[in-house]
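Listed here are the chains, written in short residue letters.
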Amino acid sequence: MDQVIQQMKEIFKEIPFGIEHTLKVLKNAEEIMAGENVSDKARELISIAAILHDIGAVEAQRKYGSIEGVYQEKEGPAVARRILEKEELDSKDIERICYIIGNHHTPSKIDGLDFQIQWEADLLENLTVIDKQKEQQKLKKCIEENFKTASGKKIAYERFILD
């Protein structure tokens, strides 16, 4: 896991806020997993997906001049695969992580608890830019529509809902 974090930091050296965002998403994933019944194996894969979820941003910026989600999804899996193959992960696990990375801005592609936890962990971080005081209804609606795990929903309510 440490090597994956180091690889991520190396790739993001040109976009330092990417490192900070990624480490916050990883922390969120760990918090959600702590409250859910997640096996050790699944924890490892979810953590790696969290560490690498935005790994396509630098390549997207280079190729398209944008780090929009669609470009991250397009470029992320190839970058992640190069890192994961060095880690000697099982090919099935690499494919799963790459699937999540390649679809992490597309909620209709969520097809399992691992992906759901990644989605929620990233969303928890992305919601921090919304004005809590002014946007309570918007936040409640977002939480209800996007959070499926009991732990993720609880964390979201604690962080963002004032009443």
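Here the structure is a predicted model, which is why all the values come from computation and not from measurement.

### A short note on the overall build of the protein
Across its full length, the protein carries 9 helices and 0 strands. Reading the protein from its N terminus to its C terminus gives the helix and strand order α-α-α-α-α-α-α-α-α. In terms of overall dimensions, the protein is globule-like: its C-alpha atoms have a radius of gyration of 15 Å, near the 15 Å expected for 163 residues. With the C-alpha coordinates of the protein rotated into their principal frame, the extents come out at 45 × 40 × 25 Å. Looking at the protein as a whole, 49% of its 163 residues qualify as buried.

### Considering the pattern of salt bridges
Oppositely charged side chains may form a pair once their charged atoms are brought near each other. Applying the stated rule across the entire model yields 16 salt bridges. Close ionic contact of Lys-13 with Glu-10 constitutes a salt bridge, the shortest N to O distance being 2.8 Å. Here Lys-154 ties to Glu-158 by a salt bridge, and the two come within 2.7 Å at their closest N and O atoms. Pair noted here: Lys-154 and Glu-158 are both in helix 9 (residues 150-160), with a separation of 4 residues, about one helical turn. Each member of the salt-bridge network shares a partner with another, and the members are Glu-20, Lys-24 and Glu-125.

### Digging into unusual backbone geometry
Unlike most non-glycine residues, Glu-88 shows phi in positive territory, near 60 degrees. With respect to the helices and strands, Glu-88 occurs in the loop between helix 5 (69-86) and helix 6 (91-101). A residue is classified by how much of its surface remains accessible, and Glu-88, at 71% relative accessible area, is exposed.

### Notes on the UniProt feature "domain: HD/PDEase" (unreviewed entry) in the protein
Mapped onto the present numbering, the UniProt feature "domain: HD/PDEase" (unreviewed entry) falls at residues 14-136. Taken end to end, residues 14-136 comprises 69% helix and 0% strand; its first and last C-alpha atoms sit 35 Å apart.

### Thoughts on the layout of surface pockets
By volume, the largest pocket amounts to about 220 Å³. What lines the largest pocket is a set of 14 residues, among which Phe-17, His-21, Asp-54, Ile-67 and Gln-72 lie closest to the centre. Going through the elements one at a time, helix 2 (16-35), helix 5 and helix 7 (113-126) are the ones with two or more residues in the lining of the largest pocket. Considering each element in turn, the lining of the largest pocket owes the most residues, 3 residues, to helix 2. Split into classes, the residues belonging to the lining of the largest pocket amount to 5 nonpolar, 6 polar and 3 charged.

### Digging into the side chain of His-21
With respect to the helices and strands, His-21 occurs in helix 2. Owing to a relative accessible area of 15%, His-21 belongs among the buried residues under this scheme.

### Remarks on the environment of Glu-87
You can see Glu-87 is positioned in the loop between helix 5 and helix 6. For Glu-87, a relative accessible area of 24% translates into the label partly exposed. On a C-alpha basis, the gap between Glu-87 and Met-1 in space is 8.7 Å, while along the polypeptide they are 86 residues apart.

What counts and how
- Residues numbered from 1 in each chain as written.
- Predicted model: local features only at pLDDT ≥ 70, side-chain atom pairs only at ≥ 80, totals over all residues.
- Heavy atoms only, no water.
- Helix = DSSP H or I, 4+ residues; strand = E, 2+ residues; numbered from the N terminus.
- Rg over C-alpha atoms; globule rule 2.2 N^0.38 Å.
- Buried < 20%, exposed > 50% of the residue type's maximum accessible area, 1.4 Å probe, protein only.
- Salt bridge = Lys/Arg side-chain N within 4 Å of Asp/Glu carboxyl O.
- UniProt positions renumbered as here; feature names shortened; annotations may be inferred.
- 1 Å grid on protein atoms, 1.4 Å probe; cavity = no way out; pocket = protein on both sides within 12 Å on 5 of 7 lines; lining within 4 Å.
- Points joined across faces, edges and corners; volume = space filled by probe spheres on them.
- Nonpolar A, V, L, I, M, F, W, Y, C, P; charged D, E, K, R; others polar.

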